[in-house]
Amino acid sequence: RAGLVAPREAERARAALALARSRRDVARETLARLLAGARPEERAAARAEYDAARAALARAEAGARELVLVSPSDGIVESRNFEPGEVVPAGLPVVTLLDPADLWVRVYVAPDELARIRVGEPAEVRGGRAGVEVVFSFLLAAGEVIGPAK
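If you're wondering where the values come from, they're calculated on a predicted model, not measured in any experiment.

Trainee: Can you help me understand the overall build of the chain in this one?
Mentor: From N to C terminus, the chain includes three helices and four strands. In sequence order, the secondary structure elements of the chain are arranged as α-α-β-β-α-β-β. Looking at the 150 residues of the chain, the share that counts as buried comes to 3%. Across the chain, the fraction of contacts at a sequence separation of at least 24, relative to all contacts at a separation of at least 6, is 14%.

Below, the structure is given as structure tokens:
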């Protein structure tokens with residue numbers, strides 16, 4: 001049967017056969033590893049990587065929680081005492097809150113105008129430095145009227 005195939009073709013076939021046998025052996029080893037399960041050192045390495053990832057996640061979550069401001073009560077932000085990105089010393093307030101249920105304003109009223117309103121009656125206040133306008137407020141108390149010296 002010699003001479004039926006060219007020497008070059010025979011060499012290619014032998015090389016292909018050797019490659020196929022090598023691939024088969026690798027596949028057989030891979031299959032055996034899969035059937036047997038991971039080696040102990042592979043499991044240990046995977047566990048260490050998993051533990052490191054969980055620790056990194058816990059650190060990131062803790063850092064994120066430190067970036068959230070929580071107020072002890074509801075309120076309106078009156079002033080922001082620090083700008084984003086600034087380091088806030090321990091114990092200092094970041095914002096100042098106003099309790100919306102406890103808002104009041106002191107208004108100075110001319111004596112001749114004060115005579116027209118009574119404690120507990122609705123009063124309309126307009127004007128002010130910042131163009132503040134409060135409508136339907138109630139006069140809670142009236143102080144003494146001090147006039148010019150005579």
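Trainee: Help me understand the pattern of salt bridges in this model?
Mentor: Any two side chains of opposite charge can pair, so long as their charged atoms come close to each other. Under the counting rule described, the total for this entry stands at five salt bridges. A salt bridge links Asp25 to Arg24; its shortest N-O distance comes to 3.1 Å. The class of Asp25 is partly exposed, set by a relative accessible area of 30%. What makes Arg24 partly exposed here is its relative accessible area of 43%. Taking the shortest distance from any N to any O, the salt bridge between Glu83 and Arg80 comes out at 2.9 Å. Three or more residues joined by partner-sharing salt bridges are found here, namely Arg24, Asp25 and Arg28.

Trainee: Mind showing me how you'd approach the confidence of the model for the chain here?
Mentor: Any residue range with low pLDDT should be treated as having predicted coordinates unsuitable for detailed reading. When pLDDT is averaged along the chain, the result is 77, and 77% of the positions lie at 70 or above. Averaged pLDDT values over the elements of the chain bottom out at 56 in strand E4 (residues 133-138) and peak at 90 in strand E2 (residues 95-98).

Trainee: What am I meant to see in a nonpolar patch on the surface here?
Mentor: Where nonpolar side chains cluster on the molecular surface, the patch consists of Ile76, Leu98 and Leu103 and spans about 240 Å² of accessible area. As for its position among the elements, Leu103 is in the loop between E2 and helix H3 (111-114).

Trainee: Help me understand the pairing of strand E1 (residues 76-80) in this model?
Mentor: In terms of burial, E1 is a largely surface element, zero of the five residues being buried. Here E1 runs beside E2; their pairing, made up of four bridges, is antiparallel. In the strand pairing of E2, Ile76 is matched with Leu98.

Trainee: Sorry, what's going on with helix H1 (residues 7-36) here?
Mentor: Spacing of three or four residues puts side chains on the same side of an α-helix, whose turn is 3.6 residues. Between the first and last C-alpha of H1 there are 43 Å, a value that for 30 residues agrees with the 44 Å anticipated at 1.5 Å per step. Once H1 finishes, Gly37 follows within two positions and takes phi at roughly 95 degrees, a positive value.

What counts, and at which threshold
Residues numbered from 1 in each chain as written. Predicted model: local features only at pLDDT ≥ 70, side-chain atom pairs only at ≥ 80, totals over all residues. Heavy atoms only, no water. Helix = DSSP H or I, 4+ residues; strand = E, 2+ residues; numbered from the N terminus. Buried < 20%, exposed > 50% of the residue type's maximum accessible area, 1.4 Å probe, protein only. Contact = heavy atoms within 4.5 Å. Salt bridge = Lys/Arg side-chain N within 4 Å of Asp/Glu carboxyl O. pLDDT = per-residue confidence, 0-100. Patch = residues over 30% accessible without salt bridge, like charges linked within 9 Å, V, L, I, M, F, W, Y side chains within 5 Å. Areas by Shrake-Rupley, 256 points an atom, 1.4 Å probe, with all protein chains shown as cover. Pairing = 2+ DSSP bridges. Expected span 1.5 Å × (residues − 1).

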